[in-house]
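Coordinate analysis (summary)
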Amino acid sequence: MPSPPPPGVHRPAPGVLAISIDSTQAFPRHSHDTYGIGRIRRGAQRSWSAAGWVEAGAGDLVMVNPGEVHDGQPIAVGGRRWQMLYL
C-alpha cells in the first residue's frame, strides 16, 4: 500500500495535484512537468521565470508552464501561504 501524501498535498483526481503551503522556505530554480495555477493567500513572494522577475502578493494568481524554469522566495519575514493546482 502506498504511503499517504504529506500534509497539504492532495490528489483530488487522476492527473491533478493540489498543494497548500505556508512557508518561509526559498526554492531554487526548478521546473515541473505539468501546468500550474495558484493563488497567494498570505504574504508575498518574488520569483524568476521566463517572464523575468515577478512579485506576487496576497490575492494574486501565479501560473507556470510545463518545463518553465522558475524559483521562489518570500518577500516578507513571515513567509507566504499559497495554493497550487498542477494539471
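Above this text you will find the structure in question.
So, here's what we can say about the structure. (Residues numbered from 1 in each chain as written. Predicted model: local features only at pLDDT ≥ 70, side-chain atom pairs only at ≥ 80, totals over all residues. Heavy atoms only, no water.)

Observations regarding the overall build of the protein
When helices and strands are tallied, the protein shows zero helices and eight strands. Walking the protein from its N terminus toward its C terminus, one meets helices and strands in the order β-β-β-β-β-β-β-β. Computed over the C-alpha atoms, the radius of gyration of the protein is 13 Å, within 12% of the 12 Å expected from 2.2 N^0.38 for a compact globule of 87 residues. Along the first, second and third principal axes, the C-alpha atoms of the protein reach 40 × 25 × 20 Å. When the 87 residues of the protein are sorted by exposure, 28% land in the buried category. If you take every contact in the protein between residues at least 6 apart in sequence, the share linking residues at least 24 apart comes to 66%. As presented, the protein carries roughly 5,700 Å² of accessible surface, and 59% of it is formed by carbon and sulfur atoms. Computed over 8 positive and 6 negative side-chain charges, the inter-centroid distance for the protein is 6 Å. (Helix = DSSP H or I, 4+ residues; strand = E, 2+ residues; numbered from the N terminus. Rg over C-alpha atoms; globule rule 2.2 N^0.38 Å. Buried < 20%, exposed > 50% of the residue type's maximum accessible area, 1.4 Å probe, protein only. Contact = heavy atoms within 4.5 Å. Areas by Shrake-Rupley, 256 points an atom, 1.4 Å probe, with all protein chains shown as cover. Lys, Arg positive; Asp, Glu negative; His and termini not counted. Charge placed at Lys NZ, Arg CZ, Asp CG, Glu CD.)

Considerations on the packing of aromatic side chains
Here the structure, examined in full by the defined rule, presents one aromatic pair. A centroid spacing of 6.0 Å and a plane angle of 85° characterise the contact between Phe27 and Trp82, whose relative ring orientation is edge-to-face. Here Phe27, found in strand β3 (residues 27–30), pairs with Trp82, found in strand β8 (residues 80–86); they are 55 residues apart in sequence, far enough to count as distant. Taking the relative accessible area as the measure of exposure, Trp82 reaches 9% and is therefore buried. When the ring centre of Trp48 is taken as reference, the NZ or CZ atom of Arg29 above it lies at 3.7 Å. (Phe/Tyr/Trp six-rings, centres within 6.5 Å; stacked < 30°, edge-to-face > 60°. Lys NZ or Arg CZ within 6 Å of the ring centre and 35° of its normal.)

Considering the nonpolar core
By size, the foremost hydrophobic cluster in this structure holds eight residues: Ile19, Ile40, Ala56, Val62, Val64, Trp82, Met84 and Tyr86. Looking at this core, the elements that each hand over two or more residues are β6 (61–64) and β8. Ranked by the residues each element gives to this core, the list is headed by β8, at three residues. If we skip the residues at most four places from it in the chain, Ile19 touches Gly8, Val9, Trp82, Gln83, Met84 and Tyr86. (Core = buried A, V, L, I, M, F, W, Y, C linked by side-chain atoms within 4.5 Å.)

So yeah, pure geometry; function would need other evidence.
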